[in-house]
Every structure is written in C-alpha cells, then in structure tokens.
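# Structural features, examined
One letter stands for each residue in the lines below.
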Amino acid sequence: MKTLSFHPDDAVHAFITTIPHVSYGEGPLCGMTVAVKDNISTKGIETTCASRILKGYIPPYDAHVITLLRNAGAAIVGKTNMDEFGMGTTTENSAFGPTYNPLDHSRVPGGSSGGSAAAVAAGLVDCAIGSDTGGSIRCPAAFCGIVGLKPTYGRVSRYGLIAYANSLEQIGPMARDVGTLSRLFSVLAGYDRRDATSVDKPYTHTPCADIKGLKVGVPREFFGEGVNPQVADVVRQAIETLKSLGAQAIPCTIPSMKYALAAYYVTCTSEASSNLARFDGVRYGPPITSMKSWHDAFSDQRKAGFGKEVRRRIMLGTFSLAAGYYGRYYHKAQTARQMVRNDFDRIFKEVDVIAGPTMPDIAFKFGEKSDPLQMYLSDILTVPANLAGVPALSVPCGTVDSMPVGLQLIGRYFEEERIIDAAYAFEQEVA
Amino acid sequence: MEDFETIIGLEIHCQLNTKSKMFCGCSTDFRDNEPNTHTCPICLGLPGSMPMINKRAVEYALKVAKALECTIREESEFSRKNYFYPDLNKAYQITQYDKPLAERGKLLIDGDHGEKEVRITRIHLEEDPGRSVHMGTTDRGKYTLVDYNRAGIPLIEIVTEPDIRSPKEARKFLNKLRATLEYLNVFDSEKEGSLRVDANISLKGSERVEVKNISSYKGVEKALTFEVTRQKNLLRRGQPVIRETRHFVEARGVTTSSRSKEEEHDYRYFPEPDLLPLRVASWVDAIELPELPDARRERFRTQYGVSLEHAKTLTGELKLADFYEHVASVDPLLAATWTADYLLGELNYRDFSIDAMSSDLFRELLDLIKADTITDKSAVEILRMILDAVKEGRKPERPYEIVKRLGLAKTSGDQITALIHDVIAEQKAAVDDYYAGKSQALNFLVGQVMKKCRGRADPGYLNKLLREILDKKV
Amino acid sequence: MITSEDVRKISKLADVGIDDSEISEFTAQCSGILNYFAILDGLDQDVPFIRERYNVLRDDEVCPSLTQEESLQNAGHTEKGYFKAPRVM
C-alpha cells in the first residue's frame, strides 16, 4: 500500500471532510484522487448528507461503490458538500454552508452534488462521484464546466447510498474530461447482489470519437419557453458541431414533458418522506435531549436537525401519500412516468441519442432563486431521464456571460457507451 | 333474554423458522442472546442499507397458502407501511398491502354445530419489528429500551373472514391452524411469541371492537369470552358498543381500552421501491405438502383403527402424533387409549408438553400392560412416578425396574385361585349370603381377595373367577 | 388550496415539528406547489408504471452480524446493550 497527503486549498468549500493521509493499493485507478459526495456511506468516515441530523454519524460499512473504488486502487480523499439529503439544485441547502462555483464565487456550483463538481472544477481532485436523482450530477457539471454522467437506472449499485428517492437515483462519475469519466465509470458499473434493482451490465468501453451516422434527436420542448435563449443558442451550435462530425439532427417531441416535473417532485418527495422518517435520534445522529414523550421528542429532534427545504419536501411527500384528495398523486405520478418512458421508447426508434441544454440557464447568483417552486422548475430538462431511467450526461459546450453551458446527451437504456462517444467526439473537436 | 350473535374475525402473525431474517442474512436464532447482537445495517435500518427477499420465506408462505387452499396472485409486491415507533427502526415496516401473496382460502374446523369452513381472506409476508422494553416508574423517569434482534424476522400474516361465531370456535380454529403450521414445519411452536393473534369481534348489529396483544393463542378464548360478556352487558344496559381498539391484559384476563398508539393511523402505503415484484404462482405446483392433520387423522383411523375422538386428539399436535406412532406398534388401540386419555391427562395436570415423556419408556409401560403383567392402577402409578421424576429433574426409572422394585407384578392365575379358596373358607357368612342371592356379598368377597393379594389383581377378572368357583361348588 | 389545519395535521403525521411561527409560510408554499402538482389530475390512475424485472431473491443463508458494539456505536444513549429511546406514553 502507498500513501499520499491531501491538503487542498479549499477556498470554494467543496469538502465537508478531508482525509489528510490516504492509503491506496494497486488497480486501474491506482493513486487517482477521488472525492465522494457525503451521502455515500464510507466506513469509519463521518457521513452527514450535509445535515445536522447526521452530524457525527460514522457508518459501520462501506457503500458498494466505495469497495469498488478501493479495490481499483483509488485514493478516497474526502467527502464533499451537497444540498441536504440531495434536495436542491444549488448546494445552498447544506447545513454546513454553501459551496462556491470555482469560476465565479458569487455564483452557485449547482446541486445537489455541488461539492463534488467544485472539487473537480477547481482541480482539487482527479475526479469525483456524486448522485443524481433529478439532475444532481448533470446540473453542477453544467454549472461548473465539467463532465458528469447519470447512469442507466440499475447499472451502478445503490447499496450504501443514503436514499432520497430510491426509484429515481443513481451514483455516477464526474471528471474534467470524458476519458477520465469513462475510466471511473468502468470501475463503478456492474452487478451488486445486495441491491435488488442492480442489473448485470458492466462497462468496459474506451471512448471513440467516430460518430458518423449518429442520429441525434432534438426535442422542441428542450428549447422552449423557460430556457435562456443565449443558452439555447450555444447548445444549438454544439449540435451543429456534432453534425459537422457526421451526426444527423432530427427534430422530435416529448409531449409527456408537461407532466414530467410534477411527476418527478411527487415521486421524489413521497419516497423521501418515507426514507427520512428513520432519522429520530435513537440509533444515530445527535443524542436526544428532550424529556418529552417519544412522539414529541422525535418531532423536536427532526425540527432541529432538518433544514427548511428538507422539511418542506417531507411535507409535500406526506401530502402526496396521505389518504384523501392529494393521496392519489403518487399513483398518478407513476402513470406519468410510464408516459415519459413510452415517449423515449418511441423517439429512440428513430434516433440514437437525444440532445439539448442540461440546464435552462447558467449558474445562478447566490440567493437568486428564493421561491421553492421557481427552484424546482430549473430541473425541468434533467428530470425526464430520471423518470424513465435512461442514461444522461452533461459535457461543457461553451459559455454565456463567461459561465459554462452544458450540453445534455440522453441515450437508450444501457447505451452509456454511445452518449460517452458523442461527448468524447465533441470534446475532442472543440479542444 | 335476547341472545346476540357473535361475529369474530382473526388476524394471526406467525414467525417463520427460516435460518436468516426476511430481508438480510442475520440469524433468526437469537434465543436469550444479548440485545442487538443479531443486527446488521439492513435490519438496523441504517441509512443506505437495502433489503433482499429471503427465498425460503416465500417458499414457506406458499406452503401455508397451498395447505389453506388459497389462490396465489400472479404478481404480488411488497409495500411500505409508514408509522413512527421506537421499535420500528426504519419508521416503516416492509409488508404487503394491495397485492398480497395469496388470497381466498379456507380451513375446516370442528365448529360449535359440527364441521365448518372458516374462510381465509389473505396471506402475506412482512417483517417483525424490534422489541421495546418500557422502563421507569415515575412519569418523568420513564424511558424505553429497544432491542433489534427480532427486527426483520419473517412473518406471515393470515387474515380470516369474520366466520367465527364464538370464543370456543376461535380457540379451535387457532389450534387447527397451529397444528397445520407445525405439520408444515414452517414455524417453531415452542418459541415464545412465534404466534400472535389480533381479533375483531362484534355482536350482530353493533360496532366492531379490535382486541390486540393476545400473545398466547391460549389467551384468545379468554380474551374473547371477556369481550363478549363486556359487550353483552353494555347492550343489556342500553349502552352502545364503541368502535375501538382494546388491549388484552393476560394476567387479569380483561381487555382495556388502549390509548394514543392506536389513534387513527394513515399508513400512506406505497410499493417498496427497493424490491421487485414476485411472480411465484407457478411455484405452487412444485410444492409437495407433507401429510396434514386431517389426512393424518384419517390415516390413524384406517391404519390403526383408532376412534375418531382419539384420532383428533392424537393428531392435534405434530409431536404428539409422532409420539403415538412410535408406540403404536405395541397395540394401536391400547396405545391410543393410554396416550390420549391417561398420558395427556397426567401431562396437562403437570403443565408438561409431550416432550416430558420418553417414547421408549412409554412403550415399555405399554408392553407391561399388554402382557397383563400389571393392573391399570399400577400402570398409572408408574406413569406418575416417571413424570414426577422428570419434574424434579431426576432421571426416571424404567417401568420394568419399578415393577421389580415395588413388586407390582400381578398375582398369577393359580395364586388367585388359591387365595379365593382361602377366602371362601374364611368368610362362611358372606358365602351363604351370596348363595341366598345377596349380590353385595360378592363384592365383599372380591374385596377380601384383593386385600390378600394387595391389589395385584384385575377386579373384573377376579369377580368373574370368584363367581365361577362359587357357582361350581353348589 | 390547503389550510393551515391541513398543514398541522400533515406535519404531525410526518413528525417534522412545524411550529406556529412557520405555519403560514409552509401553508403558502405547500399550497402553491400542490397546485402545480394538480396537473396530474388529468391522468388515468390505472395505467401503472411497469416493472419489467421480478423474482430477485436471496438464499436463506446466515451472514455475520455486526457486533453489539458496532450496532450501538452511533447511538446517543444506550443502556446495558439496548438503545435508549424516550418514553412511550
């Protein structure tokens, strides 16, 4: 075993925990420094989900991906900042303070994997892993100008990922270039018998820049109202670049988009309201000091331990599952999901990948999105891929006002290889 | 006085005796182990952990479903039942809600008015929560200790239609169900808490009351009898029965109105997103059921010639049925009588299970009875001596040894004849009375012979022989 | 439109401790968001999300458990090997 020292100049506050002396072994990632989002369980290392309610929690086990990284010789150097429990688009919802966008400290790095993205963009680490429930890898990748991939649902084990929305989320790689992303992904992907939703689809691909004949679908809904026209232009240019490399652009439409955001938020808040109910202070988290009877004591603990956004989402999820008028919403959201899936199935009969902007705008200024619903609306372009379970990545494709713009590429189930190739081809062309 | 028809439905939770828990590999065999020593991230509900369904638990549940003649759903799935409680470490229980494993079955029982069918509404799988121990006496000094060794143990829940019409029928249903589960070898009836019962009971026309916390299935008849009386008394006084949940307090034999825990719950069920659905209807064909109680009962009648009553008793418990078949070779009818009537009586009196009697010792005893070596009275004496030894923790003596030591062997035929002649010679007055037609005189003479042989003779045989000899002398 | 009574009831069900000072803020925000969710009203509930895989099971094998110490290591309060929780009424 070798060791390395890790003392980053973390002006952007990417990390919650850093590990000053890290040992690592042999393997395909030998000595690569990897930052891990703080919702992924690391044995013996505090794992907080950027929440006060998990302050001091030391998991007695490693998430499956952590075992894979260690076995591949990676040096896990720290746990990164995030929106509390993954709930947010800016990393402003962390209980331990925000992370700054390395390209402009007055702007957010995106979320919820903002810390991981900032660590990579600031050059503090070679690569990072994050989680993506509704865009949480792709959004910060776009805002920070790096590459980030949300794998096909089931391709990477979720065992050890502290659940926010089980049916939507995946752990994925983040890096400054497609080649590194691909290397990291080849370690992460594959079957885990402890995760019943895990699928046996390892990834062993080397990115290839030849995309002649690639059919690229361009949905009109991705360039509609709500998308900054300058951002739309930059992305359209990027698609032209793909065409110049031999791809074909084909217009298409996703009618189910109109239900997508509601379906997403109903589903994720419902699952979250259940997943987060276990945080009551008895088995982990700060000790209960209240002398009240258990129900009131739990309430006090959770009020003190959860931030407002988390409590709001738990409320919304509880509404969506509760008996009565709103309780139907969870099941209706599943109908909408099937519609999104059907739309993708239909489109992918005619095209190989779908392209569009990752985010409707560039990185916001801190405090810019104060209304929750306004914040939720910025996820509109990323959530469809989570609802359907298809793979999607973001690759930098230009700037607006000096801030990076991300090109989103969405592929068929288990065809990460193809979207990675398209991203690689683009990256090589503009380099 | 108007009689009220009683309507009862039962919900039975049974722990399956798989080696590992429902959703993780922790051992289910925690007995009296230290708390929290059979837990892992999954059954402790640590963040990031994920469940994995135990295949054998599904197989066991299917076995039960097949034995109860249920229809297996084409596709069934697990759901989350969300509520807060210290012993529920994920704050949800993984159970089955709108798509249970099996539905619409039945169990035949001896009802109050003959054989009847109790319909089974559904059977589903779920996990057991942990165990809370409430501590402290003063209000402010109270707290709860929790042990999660039990959390995650596989349970099947069996729900009946409200077909049961009396507390007695409820007990019979439970006995039959318990026996069936034992025969299927899916549960350990000796393990404390392995079978728990909730009951729904109403008098026709009135509100339904749920009675929870009946932890011994023997307590069910007690609990329901109390509840029926309570409800009848209310109605007779012109008061309504309130729809509520009550707890059974076993020690006092009463049900009490329970408070806050049972307030109207909204469990917000939704499908468990970390588990995939089950499509196991086709597995049922491959399942071979062992001989079940009813079939074994019939076989005891045809193979051993045992009476219906005895057959019912002997097959009522798996271990008892096995015991009987170990000793039946001596003489099936003799064995049946002595097991079902005598042995069970002595066992019940001492609150023993059939485990207390070794089948080898019992077979030896039956051999002695069959060979006419000892009287019935002596046999009972020997039986009691063996059980008393067990009770005191001593190794019981073998029946042969007891017979030898106490000289219990019956007086032989020749010896009895000699004694009879002695008595006839000594008791001239009684003999004359006999010849004069006074039948009591015979009893007196029998008593005298018995005295002389210290009871080592069959009264019936003695009676017959004495009469023969007396009649010959005339 | 949801009322603050609805919010109180739901916050109790969810155990998130929303106090009086937060009620109107949460009511307004949740109201607005739930109104947005209402777009799902137009959908037919009986078209379910199809799950294509099934019967993922594990064998009935015992695996090592955590030690009692590991199990309790993150608990705030313990007593004689048990987790200590606030009193149940």
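Small disclaimer: the values here were computed from a predicted structure and weren't measured.

## What about the overall build of chain A?
Counting its secondary structure elements, chain A contains 12 helices and 13 strands. In terms of overall dimensions, chain A is globule-like: its C-alpha atoms have a radius of gyration of 20 Å, near the 22 Å expected for 431 residues. Along the three orthogonal principal directions, the C-alpha set of chain A runs to about 70 × 60 × 45 Å. Counting the 431 residues in chain A, one finds 65% classified as buried. Of all intrachain contacts in chain A linking residues separated by at least 6 positions in sequence, the fraction that spans at least 24 positions is 74%.

## A closer look at the overall build of chain B
Summing up its helical and strand segments, chain B has 14 helices and 15 strands in all. Taking the principal axes of the C-alpha coordinates as reference, chain B spans close to 95 × 55 × 50 Å. Across the 474 residues of chain B, 42% fall into the buried class.

## A few points about the packing of helix H7 (residues 332-349) of chain B against helix H9 (residues 376-391) of chain B
Residue and element names in this part refer to chain B. Packing of H7 against H9 leaves a shortest axis separation of 11 Å and a crossing angle of 35 degrees. Remark: the crossing between H7 and H9 carries right-handed chirality. Counted together, Tyr342, Leu343 and Glu346 of H7 and Val380, Leu383, Arg384 and Leu387 of H9 form the full contact between these two elements.

## What to know about the domain arrangement of chain B
Annotation of chain B at the domain level lists domain 1 (6-286), domain 2 (293-394) and domain 3 (413-473). Computed over C-alpha atoms, the centres of domain 2 of chain B and domain 3 of chain B are 34 Å apart.

## A closer look at the nonpolar core
Within the largest apolar cluster, 247 residues are counted, with the highest numbers of intra-cluster contacts made by Val34, Met174, Leu409 and Ala423 of chain A together with Ala61, Ile123 and Ala199 of chain B. Judged by nonpolar contacts, the second largest core, of 32 residues, contains Ala335, Trp338, Met357 and Ile382 of chain B.

## Some words on the sheet that holds strand S10 (residues 248-252) of chain A
Residues and elements named next belong to chain A. The 11 strands are arranged S2-S5-S4-S6-S8-S7-S12-S13-S11-S9-S10 in an open sheet whose pairing can be described as mixed. A strand with exactly one partner marks an edge of an open sheet, and here the two such strands are strand S2 (15-18) and S10. Put simply, the sheet's adjacent strands are angled 30 degrees from each other on average, direction ignored. Against the sheet, helix H2 (residues 114-121) engages S2, strand S4 (33-37), strand S5 (75-80), strand S6 (127-132), strand S7 (147-150) and strand S8 (170-175), with an angle of about 155 degrees to S6.

## Quick word on the interface of chain B and chain C
Contact residues are listed per partner, giving 39 residues for chain B and 29 residues for chain C. Secondary-structure elements contributing two or more residues to the side of chain B that touches chain C are strand S2 (53-54), helix H1 (55-67), strand S8 (131-135) and strand S9 (143-147) of chain B. It is S9 of chain B that provides the largest number of residues to the side of chain B that touches chain C, a total of five residues. For the side of chain B that touches chain C, the per-class residue count stands at 16 nonpolar, 14 polar and nine charged. Here S2 of chain B runs beside strand S1 (residues 57-58) of chain C; their pairing, made up of two bridges, is parallel. When the sheet's bridge partners are listed, Ile53 of chain B is paired in S1 of chain C with Leu57 of chain C.

## Remarks on the packing of helix H8 (residues 359-370) of chain B against helix H10 (residues 399-406) of chain B
Residue and element names in this part refer to chain B. Interhelical geometry of H8 versus H10 gives an angle of 50 degrees and a closest axis separation of 8 Å. Relative to H10, the element H8 is oriented oblique. Residue-level inspection shows Leu361, Glu364, Leu365 and Leu368 of H8 in contact with H10, the latter providing Pro399, Tyr400 and Val403. The residue inventory of the contact of H8 with H10, partitioned by class, reads six nonpolar, no polar and one charged.

## Section: the sheet that holds strand S4 (residues 79-82) of chain B
All names here are of chain B. Across the sheet, which stays open at both edges, the three strands sit in the order S5-S4-S15 with antiparallel pairing between neighbours. The open sheet terminates on both sides in strands that have one partner only, identified here as strand S5 (92-95) and strand S15 (270-271). Relative to S5, S4 runs antiparallel, the two sharing four bridges. By the bridge assignment for S5, Arg80 is matched with Ile94.

## Comments concerning H1 of chain B
With 13 residues, H1 of chain B extends 19 Å between its outermost C-alpha atoms, agreeing within 8% with the 18 Å of an ideal straight helix rising 1.5 Å per residue. Taken together, the buried positions of H1 of chain B are Ala57, Val58, Tyr60, Ala61, Leu62, Lys63, Val64, Ala65 and Ala67 of chain B.

## Some words on the interface of chain C and chain A
Taken together, the contact between chain C and chain A spans 39 residues of the former and 50 residues of the latter. Of all elements in the fold, only helix H1 (4-14), helix H2 (20-37) and strand S3 (82-86) of chain C reach the threshold of two or more residues within the side of chain C that touches chain A. Take the side of chain C that touches chain A: its biggest share by element is eight residues, from H2 of chain C. When its residues are assigned to classes, the side of chain C that touches chain A shows 26 nonpolar, nine polar and four charged.

## Description of unusual backbone geometry
All names here are of chain A. Geometrically, the link from Gly111 to Ser112 is a cis peptide bond, its omega value of 5 degrees lying close to zero. The topology assignment puts Ser112 in the loop between S5 and H2. The phi dihedral of Phe414 is positive, around 60 degrees, even though this residue is not glycine. Inspection of the secondary structure assignment puts Phe414 in the loop between strand S13 (403-411) and helix H12 (416-430). Take Phe414: there are 18 C-beta atoms within 10 Å of it, and that puts it in the partly exposed class.

## What about the confidence of the model for chain B?
For chain B, mean pLDDT is 91; residues scoring 70 or higher make up 98% of the total. Two summary scores accompany this predicted model of the complex, namely pTM at 0.92 and ipTM at 0.95.

## Here's the deal with the environment of Gly76 of chain C
Mapped onto the fold, Gly76 of chain C is located in the loop between helix H3 (68-72) and strand S2 (78-79). Exposure remark for Gly76 of chain C: the 18 C-beta atoms within 10 Å place this residue in the partly exposed category.

## Thoughts on the pairing of strand S7 (residues 114-127) of chain B
Walk down a regular strand and you will see the side chains alternate between the two sheet faces. Residues and elements named next belong to chain B. Sheet analysis places strand S6 (residues 102-111) next to S7, joined by nine bridges and oriented antiparallel. If you follow Lys106 over to S7, its bridge partner there is Arg119. As consecutive antiparallel partners, S6 and S7 are separated by two residues. Two strands pair when backbone bridges link them, and S7 and strand S10 (residues 154-160) are joined in this way by seven bridges, in the antiparallel orientation. Each residue of the ladder has a partner; that of Leu125, found in S10, is Ile156.

Each value, and the rule that gives it
Residues numbered from 1 in each chain as written. Chains lettered and ligands numbered in written order. Predicted model: local features only at pLDDT ≥ 70, side-chain atom pairs only at ≥ 80, totals over all residues. Helix = DSSP H or I, 4+ residues; strand = E, 2+ residues; numbered from the N terminus. Rg over C-alpha atoms; globule rule 2.2 N^0.38 Å. Buried ≥ 20, exposed ≤ 12 C-beta atoms within 10 Å, placed from the backbone. Contact = placed C-beta atoms within 7 Å. Axes fitted to C-alpha atoms, helices over the stretch in contact; angles between N-to-C directions. Left-handed = near helix turned anticlockwise from the far one by under 90°. Domains from an automatic or database assignment. Core = buried A, V, L, I, M, F, W, Y, C linked by C-beta atoms within 7 Å. Pairing = 2+ DSSP bridges. Nonpolar A, V, L, I, M, F, W, Y, C, P; charged D, E, K, R; others polar. Parallel < 35°, antiparallel > 145°, perpendicular 65-115°, else oblique. Expected span 1.5 Å × (residues − 1). pLDDT = per-residue confidence, 0-100.

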